[in-house]
Amino acid sequence: MSFSDRSSGRRRTAHAARTALGASALALTLLTTAACGPDNSSADTAVTAGAGAAPNIGLPANLEDLKKWKFDDWEKWAKDYALPAAAKGFWTLDKLLKAKPNEPLPPPPAPPAAPAQPTQAPAQPSQPAQPSQPAKPAQPSQPAQPGQPTAPGAPTAPATTPGKPPAGQPTQPGHPTPPPAPPKPSNTQQPASQAPAQPAQPTQAPAQPAQPPAQPAQPTQAPAQPAQPSQAPAQPAQPADNGNDPLPKTVNAQPLPHPYTKLAVHGKLFADAPGSGAEAAAGLSHYQCSATVVADPAHPGKSNLVWTAGHCIHQGKGGKYFSNISFIPAFNSNGALSGGKQAEEAQYAPLGIWNATQAVTSPQWKAEGGDGGSPATQYDFAIIKVQPGEGGKSLEETVGGAVPVWFNAPREQLSITEYGYPAAPPFDGMELNRCESGRPTRLSYDPTRPPMHAIGCTMTGGSSGGGWLAVKDGKPALVSNVSVGQHTGDPKFQAGPYLDDVAAGAYDFISKKG
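Residues numbered from 1 in each chain as written. Predicted model: local features only at pLDDT ≥ 70, side-chain atom pairs only at ≥ 80, totals over all residues. Heavy atoms only, no water.

Draft legend 1. Representation of the state of the cysteines within the structure. Under the defined criterion, the tally for this structure stands at two disulfides. The partner cysteine of Cys289 in its disulfide is Cys312, sulfur to sulfur 2.1 Å. Linking Cys289 and Cys312, the disulfide has an S-S dihedral of approximately -90° and is accordingly described as left-handed. Of this pair, Cys289 sits in strand 4 (residues 286-294) while Cys312 sits in the loop between strand 5 (305-308) and strand 6 (323-329); the two residues are 23 residues apart in sequence, bridging distant segments of the chain. Since its relative accessible area comes to 2%, Cys312 is described here as buried. For Cys435, the disulfide goes to Cys457, at an S-S distance of 2.1 Å. Sign of the S-S torsion, about 80° for the bond between Cys435 and Cys457, identifies this disulfide as right-handed. With Cys435 in strand 10 (residues 433-438) and Cys457 in the loop between strand 12 (452-456) and strand 13 (467-472), this pair connects stretches of sequence that are 22 residues apart. (Disulfide = S-S within 2.5 Å. Helix = DSSP H or I, 4+ residues; strand = E, 2+ residues; numbered from the N terminus. Buried < 20%, exposed > 50% of the residue type's maximum accessible area, 1.4 Å probe, protein only.)

Draft legend 2. Spatial organisation of the sheet that holds strand 10. Strand order in the open sheet formed by five strands is 2-10-9-13-14, and the pairing between neighbours is antiparallel. Two strands lie at the open edges of the sheet, namely strand 2 (254-255) and strand 14 (475-481), each paired on one side alone. (Pairing = 2+ DSSP bridges.)

Draft legend 3. The arrangement of the side chain of Glu431 in detail. On the secondary structure map, Glu431 appears in the loop between strand 9 (416-420) and strand 10. The charged side chain of Glu431 is buried without a salt bridge, its nearest counter-charge being Lys341 at 8.0 Å. Looking at Glu431, its side chain comes within polar contact range of the side chain of Ser338, at 2.5 Å. Among all residues touching Glu431, those that are not within four sequence positions of it are His258, Tyr260, Asn332, Ser338, Gly420, Tyr421 and Pro422. (Lys, Arg positive; Asp, Glu negative; His and termini not counted. Salt bridge = Lys/Arg side-chain N within 4 Å of Asp/Glu carboxyl O. Polar contact = N/O pair within 3.5 Å; in protein donor to acceptor, adjacent residues only side chain to side chain. Contact = heavy atoms within 4.5 Å.)

Draft legend 4. Structural context of the sheet that holds strand 11 (residues 441-443). Pairing in this open sheet of four strands is antiparallel, and the strands run 11-12-16-15 from one edge to the other. Two strands lie at the open edges of the sheet, namely strand 11 and strand 15 (484-486), each paired on one side alone. Averaged over all neighbouring strand pairs, the angle between strand axes comes to 30°, with direction disregarded. The pairing of strand 12 with strand 16 (residues 493-496) spans four bridges and is classified as antiparallel. Within strand 16, the position partnered with His453 by the bridge is Gly496. (Axes fitted to C-alpha atoms, helices over the stretch in contact; angles between N-to-C directions.)

Coordinates in, geometry out; function isn't part of it.
This is the structure we're talking about:
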């Protein structure tokens with residue numbers, strides 16, 4: 001079910017770095033955080049999402065303030081966005097073929113509350129008591145459940161519509177199905193509270209005329225039932241806070257025919273993970289991901305921006321940016337390397353190798369990210385800027401286009417197609433693949449952050465960072481990238497961050513940097 005971990009050497013390096021960061025953070029805990037923008041005291045501290053968390057150093061204490069960051073705020077925080085470019089000729093074919101696939105991060109385990117749901121289902125047999133008595137009076141409280149469509153102001157409403165759950169639930173009844181579960185407790189609680197009280201009253205009413213006063217007691221229960229509407233609105237909030245839908249069905253990846261003339265915006269990203277010792281000396285720090293050329297608002301028609309996953313270019317908490325980050329658009333477009341063949345650079349990189357000179361990822365990934373899935377993966381994205389080509393020609397001009405980015409895209413309007421170069425078995429990383437996955441479901445680690453998009457797809461490691469496209473105004477637009485994945489068992493799926501105002505702020509920042 002889980003993807004393979006990164007190399008043990010990288011984990012040791014990250015652990016040592018995290019330890020050092022922890023010590024330095026401890027020494028700075030007395031500092032306070034400005035709500036309007038970053039403090040200059042630290043660049044790598046976590047954004048607090050939940051209530052009661054400790055104050056942050058360098059970043060605002062809540063997500064809403066982070067969404068309001070302006071260019072100057074990003075400038076203060078993203079101090080290490082400038083990167084040394086890879087030396088010309090650094091990425092030889094030997095290094096490219098040795099590069100290990102950067103794995104999508106493992107998804108969250110099934111919530112522990114899920115096993116409790118079957119125990120509630122048997123409680124429903126107590127509902128036969130409802131037909132005999134005021135089960136129907138109890139349903140006035142159910143008008144609160146029509147209130148459910150109002151509470152899922154987040155996209156839970158589409159996820160819990162009658163058309164959606166039946167498709168997903170059969171494939172994964174035990175995994176994140178909290179959205180269907182909350183209505184069950186409300187149904188079992190109502191009969192449980194009414195059945196014992198009201199059935200007793202009808203039997204006494206015929207026996208004693210004195211009991212009519214007891215029936216006025218029923219009206220006192222009826223007003224008590226309107227109190228249940230207060231519970232009903234709370235229950236729709238539960239699925240919204242959970243942020244998980246039934247997992248999507250498996251969709252098989254399909255290799256695209258050569259050449260990739262019309263798909264040159266998609267390519268492979270190569271980078272060296274920070275490290276030292278024997279592993280680095282043996283060339284085992286080379287990694288590969290997928291990436292997509294995106295439009296540059298500050299330089300229309302001449303973009304040098306590439307979108308990928310945060311874990312493809314930065315280690316996360318306590319870590320550093322990768323080095324020698326380079327992008328190869330339309331990698332192996334003509335199939336020169338397919339089937340284990342050897343080829344010259346001009347054949348497998350027909351549009352050149354583009355070296356990154358700047359990069360930015362989300363504050364959440366940089367401050368909290370790691371080898372496993374976590375709330376940081378809900379912001380696992382990155383944008384890099386590459387050097388212009390010979391004569392100043394831009395990447396967009398060279399590949400023949402760039403994809404706009406669609407921020408805060410309405411989930412119900414999305415039908416997603418994923419592109420990437422999966423490199424872990426059964427794939428070899430030489431072919432561009434596509435998953436036409438349709439409408440995404442939601443997957444979440446932290447309900448205070450926007451749930452991720454989840455789609456069925458059989459792509460494996462190496463597809464990390466690959467672009468997810470949807471149609472906006474009749475044209476393709478990027479709405480996410482591969483971050484989390486599961487390529488064993490069933491269903492096989494991947495998940496990517498929902499691109500909100502934080503992503504838009506990072507994008508605007510790197511676009512405006514010279």
